[in-house]
Every structure is written in C-alpha cells, then in structure tokens.
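This is what each chain is made of:
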Amino acid sequence: MAATPKIMIEARGLAKYYGPFVAVRDVTFAIPEGQIVAFLGPNGAGKSTTMRILTGYLAPSGGTARIAGFDVRTQRLEAAKRLGYLPENGPLYDDMTPVGLLKFFGEARCLPPDRLSQRIDLVVEQCALHDVLEKPIGKLSRGYRQRVGLAQALLHDPEVLIMDEPTAGLDPNQIREFRENIKVLGKTKTILISTHILQEVSAVGDRVLLIHNGKLVYDGKPDELRKGGSLEEPFYRLTGYGKGISPVKEDTD
Ligand code: ADP
C-alpha cells in the first residue's frame, strides 16, 4: 500500500478580521508534499492575508496554520526552518547588495559560515545573480529584484516555498524565466504561489485554490474548473463580479 503523502502546508479554519471587516473566513486546505498549487483570486480576495498567516507573519483571528506539520505560532522556529517565503514586495533593503542581503539573512537564520557560503554560491547560480552581486538592490531592475527575493527564500534550502504574486511587474521574458525556475524547484519542493492572473494558473499549478471575499470557492484541478473552455468564465462566475450590473447597451435611437 502506498504511504500517505506528508501534508506540507495546512490551513485549518483560518480567519482574519480587521475590526468588523472579515478579510479571511474559515479557509481550510491541505497541500501534500510535491504539489505546486496556484492560489488564485481577484485583488483584495484575501490571498496575501492567508499567506502572511501561513508564514507566521500575521496572527490569525481564528484557526491554525502548519508547515511540514509544525504549528507556525507555537512551533515557529521548526516551521521557519522548512519554509521559504517570497512576500509581494521584498523583503529587500535598497542600500544592501544582493550578496550583503544573502549574508544578512543567512546569519539571521543561524546557518554556520561554511554552509552559508556554500548555499550563497548555489542560490547565486540558481537565480543567475552573478552580474549584480555588488550592485545596490535599489538600482536593480524588477526582474533582478525578484531573483534576489527568490535567492533569499531558497537560501536555507527549505522544503516549502510560499510566493506572493511573484510575477507581478515582470515583463513576458522574465515571467517565462520565472515559471521555468518554478518548474525546476517544484521537483523537490512543495509550492504555493498566489496570482490574480488566469494564465498563470495552468502555467504553474497542478491544483488551484480560488478565493473570493476571504472564502475558498474552489479547490481542484485547473482542467476541471475550465471544463474544456477558458478559465475566464468560471472565474467570473465564482468570484461574482458584475452581479446585478447589465452590459452597457448601445444607444439605438
Ligand atoms: P489579496 O492579496 O487577495 O489582494 P489581501 O489579503 O491583501 O488581498 O486583502 C484582503 C482584504 O483585507 C482587502 O479588502 C484588504 O483591503 C483588507 N486588508 C488587508 N490588510 C488590512 C489591514 N491591515 N487593515 C484593514 N484591512 C486590510
């Protein structure tokens, strides 16, 4: 009998309130080892909030989040060891160089000096950062900044990667390179990647989680959502946009 795959990212009954406003409500899912999952939803749906809870950066109002079986609040260090997080804008310090930033994060994660220098060489290679190692991050293009962010997330060789809108602001060539990188990383890591771009879903994901108004409205394979057509129609239907608004009619008088 095949062994049950280990659950690497788990959200159970997650909720987040900002005063009376409910940003995330009762979000539950479990991502087993090796899956690449697209976290899809319109702007303001609750993707970043959910990801910040999953990575331990934001306390939930209710529910629990686990990485590789470790509770991100009560077993924070164990969870953090296994997690690489690429937040939406950073975490990059404009005055630092990429190599300075990697050293800084490596030391903060308590990587021993020999291992840190080995890992820096490896992620610099993996993210093709050779040409910009000594340039201030503030002077780098969006594409290079994103690569530095990815290198930071990969530095401690985590089993789980959580990335918030990693292709936002990249040009088509940079998006293509980024997706190729994700496919390679997906061979050894469990990945959750958020996006509001429909084409992104099939390009990266085995599975899609669709969130709207803080609630999970679909969890399954992109092909089953699409049912032979495009993703636009089910996305529009499930995220309820335009309800009650009639298409503009041309004035025929
Ligand atoms: P997404 O990442 O899907 O665009 P977010 O998780 O950033 O969505 O936001 C979900 C909702 O929560 C949005 O309506 C947003 O305005 C609201 N929100 C996020 N952070 C805060 C905050 N600190 N205070 C109040 N409302 C917030």
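Now for a quick tour of the structure. Keep in mind that what you see is a predicted model, and the values were worked out from it rather than measured. Here, residues in each chain are numbered from 1, in the same order as that chain's written sequence. For a predicted model such as this one, the threshold for reporting local features is a pLDDT of at least 70, and the threshold for listing and counting side-chain atom pairs is 80 or more; totals across whole chains, interfaces and linings nevertheless cover every residue. For side-chain calculations, the full set of non-hydrogen atoms in the structure is used, while hydrogens and water are omitted.

Some remarks on the site of the ligand
- We define proximity as follows: a residue is near a molecule or strand when any one of its heavy atoms falls within 4 Å of that partner. The full set of residues close to the ligand is Y18, F21, A23, P42, N43, G44, A45, G46, K47, S48 and T49.
- Any N or O atom pair separated by 3.5 Å or less is treated as a polar contact, with the protein-specific requirement of one donor-capable and one acceptor-capable atom, and with residues adjacent in sequence counted only for side-chain atom pairs. Here an oxygen atom of the ligand sits 2.7 Å away from a polar atom, N or O, in the main chain of G44.
- The backbone of S48 places a nitrogen or oxygen atom 2.8 Å from an oxygen atom of the ligand.
- The method behind every accessible area is Shrake-Rupley, applied with a 1.4 Å probe, and residues are considered shielded solely by the protein chains displayed. In the complex, 58% of the free accessible area of the ligand, which totals 560 Å², lies under the protein chains.
- A run of H or I in DSSP becomes a helix once it reaches four residues, and a run of E becomes a strand once it reaches two; helices and strands are each numbered from the N terminus. Secondary-structure elements contributing two or more residues to the shell around the ligand are β2 (21-32) and α1 (47-54).
- For the shell around the ligand, the element with the highest residue contribution is α1, accounting for three residues.
- Of the residues contributing to the shell around the ligand, the split by class is five nonpolar, five polar and one charged. Note that Gly is not counted as nonpolar here; it falls among the polar residues with everything else outside the nonpolar set of Ala, Val, Leu, Ile, Met, Phe, Trp, Tyr, Cys and Pro and the charged set of Asp, Glu, Lys and Arg.

As for the pattern of salt bridges
- Any carboxyl oxygen of Asp or Glu that lies within 4 Å of a side-chain nitrogen of Lys or Arg is treated as forming a salt bridge with it. Applying the stated criterion across every chain, the model contains 13 salt bridges.
- Across the pair K189 and D157 runs a salt bridge, and its minimum N-O distance is 2.9 Å. With K189 in the loop between α6 (172-185) and β8 (190-195) and D157 in the loop between α5 (142-154) and β7 (160-164), this residue pair connects regions lying 32 residues apart in the sequence.
- For R226, the salt bridge identified is with D223, shortest N-O distance 2.6 Å. Of this pair, R226 and D223 both sit in helix α8 (residues 222-226), separated by three residues, roughly a single helical turn.
- Through salt bridges with shared partners, a single ionic network connects E78, K81, R82 and E159.

Some words on the nonpolar core
- Definition of nonpolar core: a set of buried residues of the types Ala, Val, Leu, Ile, Met, Phe, Trp, Tyr and Cys, connected through side-chain atoms within 4.5 Å. Here the term buried applies to any residue with accessible area under 20% of the maximum for its type, exposed to any over 50%, and partly exposed to those in between, with areas from a 1.4 Å probe on protein chains only. If you look at the biggest cluster of nonpolar residues, it comprises 44 residues, and the most contacted ones within it are L129, L155, M163, I182 and I191.
- No other element matches the five residues that α5 contributes to this core.
- What makes two residues a contact is simply this: any of their non-hydrogen atoms within 4.5 Å. Other than its neighbours up to four places away in sequence, L129 contacts V124, Y144, R147, V148 and A151.
- The next biggest cluster of nonpolar side chains, apart from the first, holds 27 residues, and it includes I31, V37, F39 and L192.

Section: the sheet that holds β8
- Whether two strands pair comes down to DSSP finding at least two bridges between them. The six strands lie next to each other as β6-β7-β8-β3-β9-β10, forming an open sheet whose pairing is mixed. At either end of the open sheet lies a strand with only one pairing partner, and these are β6 (83-86) and β10 (215-220). Each strand axis lies, on average, 15° off the axis of its neighbour in the sheet, ignoring direction.
- A fitted line through C-alpha atoms serves as each axis, taken over the contacting stretch for helices, and the angle formed by two N-to-C directions is quoted from 0 to 180°. On top of the sheet, α1 reaches β3 (36-40), β6, β7, β8 and β9 (207-212); it is set at about 150° to β8, its chief contact.

Brief notes about helix α4 (residues 113-126)
- Between the first and last C-alpha of α4 there are 20 Å, a value that for 14 residues agrees with the 20 Å anticipated at 1.5 Å per step.
- Of the residues making up α4, those classed as buried are L116, R119, I120, V123 and V124. What you see down the axis of α4 is that its buried residues fit within an arc of 130°, all on one side. In this structure, α4 carries D114, Q118, D121 and E125 as exposed residues pointing more than 90 degrees from its buried face.
- Of the surrounding elements, those touching the buried residues of α4 are α3 (98-108) and α5.
- Looking one or two places after α4, you find A128, whose phi comes out positive at around 50°. Here, expected helix span is obtained from the residue count minus one, scaled by 1.5 Å. Arc definition: directions from the helix axis to the C-beta atoms.

Brief notes about the packing of aromatic side chains
- Only Phe, Tyr and Trp rings are paired, with Trp represented by its six-membered ring, and only when their centres lie within 6.5 Å; those with planes under 30 degrees apart are stacked, over 60 edge-to-face, the remainder tilted. Taken as a whole and judged by the stated rule, the model has four aromatic pairs.
- Between the aromatic rings of Y93 and F104, the centroid separation amounts to 6.0 Å while the plane-to-plane angle is 85°, which identifies the pairing as edge-to-face. Remark: F104 occurs in helix α3 and Y93 occurs in the loop between β6 and α3; sequence separation between them is 11 residues.
- A relative accessible area of 41% places Y93 in the partly exposed class.
- For F104, a relative accessible area of 39% puts it in the partly exposed group.
- Arranged with centres 5.5 Å apart and planes meeting at 90°, the rings of F104 and F105 form a pair that is edge-to-face.
- Here the aromatic residues Y93, F104 and F105 are joined through ring pairs into a cluster of three or more.
- Both a distance and an angle decide whether a charge sits over a ring: NZ of Lys or CZ of Arg must be within 6 Å of the ring centre and within 35 degrees of the ring normal. Lying over the aromatic face of Y144, R147 brings its terminal NZ or CZ to 4.5 Å of the ring centre.

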